[in-house]
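Given next are the chains, with one letter for each unit.
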Amino acid sequence: MTRRAGFFQRLSSTQIVYLVALATLILGVVLVNSIGRSFFSPGNISSILTGTSVLGFIAIGQTLVILAGSLDLSVPYVTSLASLIAAGVMANNPNNILSAVLLTLGTAAVIGLANGLIVARLNVHGFIATLGVGLIISGYLATNFKGSFGQTPLEFRLVGATGIGPVPISTIIMLACAGLAMLLLHRTRVGHHLYAVGGDIAVARTSGIRVDVPVITAHVICSVLAGMAGLLLASRLGVGSPTVGSQGGYDLLSIAAVVLGGTLLSGGKGTITGTLGGVLIFAMLDNIMSVMQVNPFLKDVVRGVVIVAAVAVYARRRIVSRPERFPAKGSTETPAARPVPVEGP
Amino acid sequence: MSTALNSDRSAILKQNRASRSERLLRAMRTPGGAVFILLIGLLAAIIVLNPSFGEPSSFIRFVGRTAPIAIAAIGQYFVIVGGEFDLSMGSVVTMQVIVAGNLIGQDDSKVIPVLVLMLVLGAFIGLVNGLITTLLQVPSFIVTLGMMLALLGLVLYWTGGAAQGNPADSFRQIGRGGIRDVPVLDIIPYPVLILTALAVAAFILMRRPFGRMLIAVGDNPAAAALAGSRVWWVRTRAFMISSLSATVAGILLVGYAGVHPSVGRGYEFTAITAVVLGGVVLGGGRGWVLSAAAGAFALESLFTLLNFMGVPATWRDTVQGAIIIIAVAAASQSWQRKRKGASSAAHDEQHQLAAAPPPAEGTEQGGERV
Amino acid sequence: MRNNSVRAIALAAALPLVALTACTTTDPSVTETTGAGTGSPAASSPASQDWFDQALYDTQNQQRSATFEGDPEQPYLQYIAGAMTDTSKFAAQGPQKVCFANASISNPWRQTGWITMNQQLKALQGSGVISEMETRDAKDNDNTQIADIDYFIAEGNCGAFVISPNSTAALTQAVERACQTGKPVVVFDRGVETKCATTFIHPIGGFAWGIDTATFLSEKLQSGDKVVALRILPGVDVLEHRWAAAKKIFEEKGIQATDYFTGADPTEIKKIISDELATGDVKGVWMDAGDGAVAALEAFEDAGKPLPVMTGEDEMSFLAKWKQTGIDAMAPVYSNFQWRTPLLALEKIFKGEQIPAEWVLPQEPILVDELDEWLQRNEGMPGGHYAKFGGEDLDGYPEVWQQRQIP
């Protein structure tokens, strides 16, 4: 017992995430083989990776926002809006691709800026700020779009439909975005400040950090990545759709993936690599359940149980021992001085 | 606690008390009080647009139909003020609705046993949410999200998606019926009585040690733990209250609307929105329980107003989104001012004694000022 | 550095995946599949802002009184005479594997159909037509369903495809990719914007529903009377067509109709009706789907107002309430038995028989004189069951439907 605890303690949470992913993989191989299929066949790999792309984009952005101590519930609506703008502006003309992409990402960035400003300047909790912005966009979508809209040209649709071997281009772009986000977090000042602000905003402030900047940056990037997800969906669907974001339930699912990836929901601790692991676990789980033809209602039960169980594994560890970036916090703290309080870990 | 100390304190408190009207005015300037003004404004607007709404019999029906969401908001308040979230509320409502439909059927003799079973189920779900959150240290957002998915999935799997049908009328009377032939009001719906009873109970509960401890835990769990609170048990009880209130909301909704798997959908977000609109701060430690219920009424009035104004239903989301952002932004500015002491007039220092002991942790903005 | 080791571990974990996949470079069949997509202007002409389509309206209006080929005892096999598809090239020996890409089973109508389909499947497995049916459920998600279809194409080893599209424009290209495999493709319920499928099975359609219901209400009501229209959600073609037709007729007849979206939630429905009753009299209620009809009627009861003229659906809870209250009503039908037809169509396809290119199934509303019969035929069924489910002759009737055994 003690030895196991020791082994566990030496692992970082990201390492545990990938151990869980590995366990899921092994489970998948066994189960899928048991019904005479191959888990590693190109079609299956492609199916899993496709499953990671859209959620991946959003979860990367969500990681940044959560690290900064906020949340983003507006992502599904930003994604839908992005798909509509992209398909609407392209209108099946390849010459419009560049302008459509720029306009889409620009709009997403503006929404992210609004989210960030409301959270950082007006001191509204991220949950409420982004829920509100999400609702505002949702009303706009429901009023102005009554079904699919626009069309993306063939050249653009290829992005969502092509792969290098079984690896879809979209997954590669998603991983590239993940790489950029990692660079931002680990190599730039804003990245370091993001961790600091999420860890303890009071400490960050007293150390002379302008706490607004990282929070707003995280929100802008998150919305832009949700916009990227919208572009990808427009490419895969060939049209824009006002419901495509909410269909995926990407708000709660992305938060679940981030936490599954070992990031602290209260902010300040976590990695993009972990999040990618979380997304991969979800994608494999979905894939296995689909191949096994699990009853659709029971799929949700499994998902729910896995989310809680997996997070319980990290969370238990966290209170046993963990090198703290900002030490001397209680086991269940919520720093009292926070103007934007978040629940305890 | 010695009685001497108590009487000492109450003497000081008495001395500190401003006149009733002054206190009321002060309360109205806080976010938790402002919601009542918002509510009155909305109701007035509705009555201007549609005078028949102001008739006592129409109005009491409006209160009756808003009771389930107000009860859910009261339950959600306990969790939020303790610093947590309960996202499983909607699924609990749906589950209870379907349980009632399938287990009671048309058999009147099963009403009481199933009612008991539903309450036990509700308490049990809250217990599980609470224990996983507190003992396993999983964030409540994740615990209750998992519970939301798992619970709804299980219920739909069990029933094949659709319930057998509406339960016996005697059971539905709880949410649909009322005391008839009342002068002026014409009818007092049972949901109004249940809401009133629960609101009073919640109000009293918040003034008792449990309520104060809950606020302390939400404000600063570490300090509360050091002060001797059993943080895990306080929070777990809050989750149980939340699930139980969702259960009561479910019982009322079975009566009001009937059984359908979409009853309760989105209840968690509506309840959280209502609580927040009531000036309760996400993250815990601040807010009044009755303001949460008022938040629910404000939200429902808003929808009714938009309806009467002829605003297309599709714009409803947008208005709701804008309102909650504005309300919370305003509340957060106000709480902050209070914290910084900028609005020191609100504390009327002239009444303070130099020897006054500092108020106990968490009671500063507790329920006692309502 | 800790971060480096983290990345190393991550890479190490991801590597086997990548390595194993890199050697299998057969291109997934996704690239070349845009033939009709580019050249179909009808596909997504500027937002479907206006769902009304006069040509479609006229066609469906005529089809309401069309003669259907085949035995009326088996409405799920009836069709309107028209262009036929020659399926001789699909003729096959022995049981075939069927791959079913389902949009979802997220509402009682789809659940009822799904139960019927599975019982039909068992029958066809027994008679050696189908070896197995592999099903993927997209949970109302376009993107998931596209991936499901691509998975079937790559891995399913499918003898035939059955697709119930989640949405029309978005699924078009995926269906085209399925067609390109050279296997039979059967599309049912909502359509897609390509004619490549072997057959497209659907009841007459939303306009016919709208015409049936709105005509009924306008005949019973006076010009100037108020009708509340309760709609589930915007943007789904089969539902939007129902309202587009009804709205047109209401406008023509001077009926004052107000529409609301309810999400099929009876709580919403009851609130809406209560508010409407508070502002004035409501003479009629129109629904684009019957769930929640009971709540609408109860709102009238609780407000002590006379019950309205109403159109619901062949959902059992509505039929029972209709019977109990004796209101003036009708139940339009979006034939649930269409869930049997795709598998029966495949049976014909595997035999090489001709089948209709567009298989239009009957869609007959239930009128008051048939109410008792349909209630009796479906006795003991749950509230969310649909009267015209058409599975009375299948094994497991009635227990499987009564207990709603969903595989």
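Please read all numbers here as calculations on a predicted model, not as lab measurements.

A. Broad picture of the interface of chain C and chain B. In this complex, chain C contributes 28 residues to the contact, which on the side of chain B involves 25 residues. Of all the elements in the fold, those that place two or more residues in the side of chain C that touches chain B are α4 (108-126), β8 (256-261), α9 (266-279) and α10 (293-303) of chain C. The leading source of residues in the side of chain C that touches chain B is α9 of chain C, at eight residues.

B. Spotlight on helix α7 (residues 154-161) of chain A. Among all positions in α7 of chain A, only Phe156, Arg157, Gly160 and Ala161 of chain A are buried. When α7 of chain A is viewed along its axis, its buried side chains cluster within an angular range of 140° and face the same direction.

C. Looking closely at the pairing of strand β6 (residues 199-203) of chain C. Residues and elements named next belong to chain C. Among the five residues of β6, five are classified as buried, and the element is accordingly described as predominantly covered. Relative to β6, strand β5 (residues 185-188) is paired through three bridges, and the arrangement is parallel. Within β6, the position partnered with Val186 by the bridge is Thr199. Relative to strand β13 (residues 358-361), β6 runs parallel, the two being bridged by four bridges. Directly across from His202, in β13, lies its bridge partner Val360.

D. Local environment of unusual backbone geometry. Geometrically, the link from Tyr397 of chain C to Pro398 of chain C is a cis peptide bond, its omega value of 0° lying close to zero. By the secondary structure assignment, Pro398 of chain C is in the loop between α13 (371-377) and α14 (399-402). For Asp186 of chain B, which is not glycine, the phi dihedral falls at a positive 75°. Within the fold, Asp186 of chain B resides in strand β2 (residues 186-189). With phi around 60°, Asp140 of chain C is a residue other than glycine that occupies positive phi space. Within the secondary structure layout, Asp140 of chain C lies in the loop between β3 (130-137) and α5 (142-156). Residue Asp140 of chain C is classed as buried on the basis of its 20 C-beta neighbours within 10 Å.

E. Region of the structure containing the sheet that holds strand β7 (residues 226-231) of chain C. Residues and elements named next belong to chain C. Across the sheet, which stays open at both edges, the five strands sit in the order β8-β7-β9-β10-β11 with parallel pairing between neighbours. One side of each edge strand has no neighbouring strand; the edge strands of this open sheet are β8 and β11 (329-330). The sheet contact formed by strand β10 (residues 309-311) and β11 spans two bridges and is parallel. If you follow Met310 over to β11, its bridge partner there is Ala329. Sheet contacts for helix α8 (residues 237-253): β7, β8 and β9 (284-287); angle to β7, the most-contacted strand, approximately 170°.

F. A look at the domain arrangement of chain C. In terms of domains, chain C is made up of domain 1 (10-17 + 36-62 + 206-330) and domain 2 (68-203 + 335-362). For domain 1 of chain C and domain 2 of chain C, the distance between their C-alpha centroids amounts to 27 Å.

G. Representation of the interface of chain B and chain A in the model. Each partner contributes to the interface: chain B provides 48 residues, whereas chain A provides 50 residues. At the level of secondary structure, the elements contributing two or more residues to the side of chain B that touches chain A comprise α7 (140-159), α11 (221-226), α13 (267-277) and α15 (316-340) of chain B. Here the element with the most residues in the side of chain B that touches chain A is α7 of chain B; it accounts for 14 residues. Residue classes in the side of chain B that touches chain A are distributed as 30 nonpolar, 14 polar and four charged.

H. Up close: the sheet that holds strand β4 (residues 160-164) of chain C. Residue and element names in this part refer to chain C. Taken in spatial order, the six strands of this open sheet run β3-β2-β4-β5-β6-β13, and their pairing is parallel. Looking at strand neighbours, the two that pair on one side only are β3 and β13, the edges of this open sheet. Taking the axes of each pair of neighbouring strands and ignoring which way they run, one obtains an average angle of 15° across the sheet. The strands that α5 touches are β2 (96-102), β3 and β4; relative to β2, the one it contacts most, it runs at about 165°.

Analysis parameters
Sequence order sets the numbering: in each chain, residues are counted from 1 along the sequence as written. For naming, the first written chain is A and the first written ligand is 1, with later ones following in the order written. For this predicted model, a pLDDT threshold of at least 70 governs which residues receive local features, and a threshold of 80 or more governs which side-chain atom pairs are given and counted, while totals over whole chains, interfaces and linings are taken from all residues. Any pair of residues counts as being in contact when their C-beta atoms, constructed from backbone geometry, are within 7 Å of one another. Segments assigned H or I by DSSP are reported as helices when at least four residues long, segments assigned E as strands when at least two residues long, and all are numbered from the N terminus. The burial criterion counts other C-beta atoms lying within 10 Å of a residue's C-beta, which is placed from the backbone; the residue is buried at 20 or more, exposed at 12 or fewer, and partly exposed between these limits. The arc in question is the one spanned by the directions pointing from the helix axis to the C-beta atoms. Being paired, for any two strands, means DSSP has found at least two bridges between them. A fitted line through C-alpha atoms represents every axis, and for helices the fit uses only the stretch in contact; the resulting angles, taken between N-to-C directions, go from 0 to 180 degrees. Segment limits for the domains were obtained from an automatic or database-derived domain assignment. Any residue that is not Ala, Val, Leu, Ile, Met, Phe, Trp, Tyr, Cys, Pro, Asp, Glu, Lys or Arg is counted as polar, Gly included; the first ten are nonpolar and the last four charged.

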